[in-house]
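In case you want the letters, here they are:
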Amino acid sequence: MRSRLTALSVLASMLLSAGAALAEPDITGMWALSQPEGQTHQPPAPLTPAAQAKAAQTNKISAANNRLIGEAHTKCWPAGMPGLMQPPFGIEFLQTKGRITILSEVSNLPRTIYLDEKTHSESALPGWNGHSIGHWEGNTLLVDTIGFNGRNNRVSEKMHITEKMYLDKEGYLHDELTMDDPVNFTKPYTVHYRYKKAVGVEASEVMEYVCEVDPANLFAFEQEQKAAGLASDYDPAWSAQAFSAPAPKQTASAK
Amino acid sequence: MLRSLILAAPFGLALAAASAANAAPSPGITGLWLLDQRVYDSVYDQDDAIAPLSDAYKAKAEEIRKARVDGGAVLSDNGKKCLPIGMPGMVTNEFALEFLETPGKVTVISENSPITRTISLTRKTHDTELEPSWNGDSIGHWEGGTLVVETTNLNERIPHIPTAGGVSSLKTKITERYHLEDGGKLLVNRMTFENPEVLSRPWSLTFRYHRAEGDAQLWEYVCEVDAAGWSERYAGDPQFKPGK
């Protein structure tokens, strides 16, 4: 009886692993960006004249004001795409029925790739991450993303991103990401990310990474924009009052 | 050979089921859920819905509440600064909630939270080296059909206890007991709050969520600090120090 059970369990585990090979590749888990040697930097972006001019203007204002933190970080915007796919921290992929969810520690918005949709839903609103649909072709996940709100740097509402994600023989996860945005790039621009599986207890869960807007930095940014003649939320009347008068006292002690 | 393969298949599945004891009973909790309860003035529609504060904290909480109301506060300070809603808020608000079950964990995503929450099903003890956080450190396990989750290491930035505005404590522990009803269409969360300093006794609330339609998707819900209106919002803020 025992030997028959053993034979059956061996057969069962063979069947289970055979079944797994037929299913989609397992990319669930915690990953960390791990660019191959010599490919740490992506190829330079083929910027349109408009995009180049915008970059030059931003750099000029930053240099004039010793500004290190740009608008997106000053205002705690979502990292968006492709930004959230290149975090300096962990990035977790979760595979469940009909979707792949990507949690990137650098992003305050998770990303979902819908595997059960063939076309983009008309009800998808423009957003920071866009709307992603995908399907497996053999061992490669093909993803198509549209629906961007054009808020992040070098991302217009016309942005269209296509990706090829796959595991290589050594177990690295790859994402070949192509950005097609005629407003920002003169031709489709492809970047290639490679991730290594993160192991150990420290890598088991995404950690909380919270951006908190620093009012002083936000205020300074708006003031710089105004001084450069750009659209700004800087209010000189309030500024005069805020910097001259002490803040009103609380009616009761808060702590 | 074929006959033994057919015999082995169901046995193989049985083996798989036995090793997956740390998993939800069918149909599982993966999916999008929507809170059933109504919320009025931050108080939930159920009995015993006000936190039983200890004597020491009752006076303090009332003082803070009065200062905010008298000061004309409408939005919470954290809300206007776009800070995380934290626990338990991220699972007790009326925005869509997504549970994702993958091996060894349950991931919780709320449209209303800029950070996700991971419940570890593999860790048996809390991580004592992490800094206190907005969602805390959650470890869980399945007891038959009930997912029991224990959350500690919550920070002092928000009360982490409903109706206990102004409370600041690192000692709060939240225990959730989730189970499915109505053929998997209803998710029930019995949530217990414990804090020997703040509460006069352990205190529980029950939350019910119904499963959203199969093709429902989370929307992007992004909080942006409003620069234009922030002059009013920060003017009386003791933490705001203008100038470079």
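First, a word on scope: everything that follows refers to the structure included in this document. These numbers were taken from a predicted model, which means no experiment stands behind them. (Residues numbered from 1 in each chain as written. Chains lettered and ligands numbered in written order. Predicted model: local features only at pLDDT ≥ 70, side-chain atom pairs only at ≥ 80, totals over all residues. Heavy atoms only, no water.)

Re the overall build of chain A
Reasoning step 1: Each helix and strand counted, chain A has five helices and nine strands in total.
Reasoning step 2: When the helices and strands of chain A are read in sequence order from the N terminus, they spell out α-β-α-α-β-β-β-β-β-β-β-β-α-α.
Reasoning step 3: Burial status across chain A gives 42% buried among its 255 residues. (Helix = DSSP H or I, 4+ residues; strand = E, 2+ residues; numbered from the N terminus. Buried < 20%, exposed > 50% of the residue type's maximum accessible area, 1.4 Å probe, protein only.)

Comments concerning the overall build of chain B
Reasoning step 1: Along the backbone of chain B there are four helices and eleven strands.
Reasoning step 2: A total of 244 residues make up chain B; the buried ones form 48% of that total.
Reasoning step 3: Once local pairs closer than 6 in sequence are excluded, the contacts in chain B between residues at least 24 apart make up 55%.
Reasoning step 4: For chain B, the exposed surface amounts to about 12200 Å²; the carbon and sulfur share of it is 54%. (Contact = heavy atoms within 4.5 Å. Areas by Shrake-Rupley, 256 points an atom, 1.4 Å probe, with all protein chains shown as cover.)

Topic: the state of the cysteines
Residue and element names in this part refer to chain A.
Reasoning step 1: The final tally for this structure, using the stated rule, is two disulfides over all chains.
Reasoning step 2: Through a disulfide, C76 is tied to C211; the S-S separation comes to 2.0 Å. Linking C76 and C211, the disulfide has an S-S dihedral of approximately -70° and is accordingly described as left-handed. In this pair, C76 is assigned in the loop between α3 (71–74) and β2 (90–96) and C211 in the loop between β9 (189–197) and α4 (215–227), connecting sequence segments 135 residues apart.
Reasoning step 3: Overall, C76 belongs to the buried group, its relative accessible area being 8%.
Reasoning step 4: Accessibility expressed as a relative area gives 35% for C211, which makes it partly exposed. (Disulfide = S-S within 2.5 Å.)

A look at the pairing of strand β3 (residues 99–104) of chain A
All names here are of chain A.
Reasoning step 1: Counted residue by residue, β3 has six buried out of six residues, so it is predominantly covered.
Reasoning step 2: Both faces of β3 are covered, namely the face carrying R99, T101 and L103 and the face carrying I100, I102 and S104.
Reasoning step 3: For β2 and β3, the ladder comprises six bridges, and the chain directions are antiparallel. Note on β3: the bridge partner recorded for Q95 is I100. (Pairing = 2+ DSSP bridges.)

Regarding α4(A)
Residue and element names in this part refer to chain A.
Reasoning step 1: Given a rise of 1.5 Å per residue, 13 residues ought to cover 18 Å, and the 18 Å separating the end C-alpha atoms of α4 matches this to within 8%.
Reasoning step 2: Listed as buried for α4 are P215, N217, L218, F219, A220, F221, E222, E224 and Q225.
Reasoning step 3: Backbone geometry just downstream of α4 places G229 in the positive-phi region, at approximately 80°. (Expected span 1.5 Å × (residues − 1).)

Overview of the layout of surface pockets
Reasoning step 1: In this structure, the second largest pocket encloses a volume near 790 Å³.
Reasoning step 2: If you go around the second largest pocket, you meet 36 residues; those closest to its centre are A:V206, A:M207, A:E208, B:L130 and B:S133.
Reasoning step 3: At the level of elements, β3 of chain A together with β6 (117–120) and β7 (137–143) of chain B are the ones that each hand at least two residues to the lining of the second largest pocket.
Reasoning step 4: Looking at side-chain class alone, the lining of the second largest pocket contains 13 nonpolar, twelve polar and eleven charged residues. (1 Å grid on protein atoms, 1.4 Å probe; cavity = no way out; pocket = protein on both sides within 12 Å on 5 of 7 lines; lining within 4 Å. Points joined across faces, edges and corners; volume = space filled by probe spheres on them. Nonpolar A, V, L, I, M, F, W, Y, C, P; charged D, E, K, R; others polar.)

Quick notes on the pairing of strand β6 (residues 140–146) of chain A
All names here are of chain A.
Reasoning step 1: Here β6 shows a buried face lined by L141, V143 and T145 and an unburied face lined by T140, L142, D144 and I146.
Reasoning step 2: Pairing between strand β5 (residues 131–137) and β6: seven bridges, direction antiparallel. In the strand pairing of β6, I133 is matched with D144.
Reasoning step 3: Counting the residues between successive antiparallel strands, the hairpin from β5 to β6 contains two residues, one of them, G138, with a positive phi of roughly 65°.
Reasoning step 4: When β6 meets strand β7 (residues 160–167), the two strands line up antiparallel, connected through five bridges. Within β7, the position partnered with L142 by the bridge is K164.

A short note on the nonpolar core
Side chains of nonpolar character tend, in soluble globular proteins, to be buried together.
Residue and element names in this part refer to chain B.
Reasoning step 1: Ranked by internal contacts, the top residues of the largest apolar core, which has 38 residues, are V91, F99 and Y209.
Reasoning step 2: Of all the secondary structure elements, the ones that give two or more residues to this core are β1 (31–35), α2 (55–70), β4 (97–102), β5 (105–110), β8 (146–152), β9 (173–181), β10 (186–194) and β11 (203–211).
Reasoning step 3: Counting residues per element, this core draws most heavily on β11, at four residues.
Reasoning step 4: Apart from residues no more than four positions distant in its own chain, F99 is found in contact with I29, T30, G31, W33, V106, T107, V108, Y178 and L187. (Core = buried A, V, L, I, M, F, W, Y, C linked by side-chain atoms within 4.5 Å.)

A closer look at the sheet that holds β9(A)
Reasoning step 1: The mixed closed barrel is built from nine strands, whose spatial order is β1-β2-β3-β4-β5-β6-β7-β8-β9 (chain A). Strand after strand, the sheet turns through a mean of 30° between neighbouring axes, direction not considered. (Axes fitted to C-alpha atoms, helices over the stretch in contact; angles between N-to-C directions.)

Digging into unusual backbone geometry
Residues and elements named next belong to chain B.
Reasoning step 1: Here the residue pair S26 and P27 is connected by a cis peptide bond, since its omega of 0° sits within 30 degrees of zero.
Reasoning step 2: Take P27: it is sitting in the loop between α1 (2–19) and β1.
Reasoning step 3: Of note in the backbone geometry, D48 takes a positive phi value of approximately 50° without being a glycine.
Reasoning step 4: Relative to the elements of secondary structure, D48 occurs in the loop between β3 (43–44) and α2.
Reasoning step 5: The class for D48 is partly exposed, based on a relative accessible area of 39%.
Reasoning step 6: Positive phi outside glycine occurs at T163, with the angle close to 65°.
Reasoning step 7: Considering the arrangement of structural elements, one finds T163 in the loop between β8 and β9.
Reasoning step 8: You can call T163 partly exposed: its relative accessible area is 28%.

Digging into helix α2 (residues 49–64) of chain A
Owing to its 3.6 residues per turn, the α-helix aligns residues three or four sequence positions apart on the same side.
All names here are of chain A.
Reasoning step 1: The end-to-end C-alpha distance of α2 is 22 Å, a good match for the 22 Å that 16 residues give at a rise of 1.5 Å each.
Reasoning step 2: Residues A51, I61 and S62 constitute the buried set of α2. For α2, the arc enclosing every buried residue in end-on projection is 100°, short of the 170-degree limit, so these residues lie on one face. The exposed set on the far side of α2, more than 90 degrees from its buried face, consists of P49, N59, K60, A63 and A64.
Reasoning step 3: Looking at the buried positions of α2, the neighbouring elements they touch are α4.
Reasoning step 4: In the stretch just after α2, N66 is the one whose phi turns positive, near 50°. (Arc of directions from axis to C-beta.)

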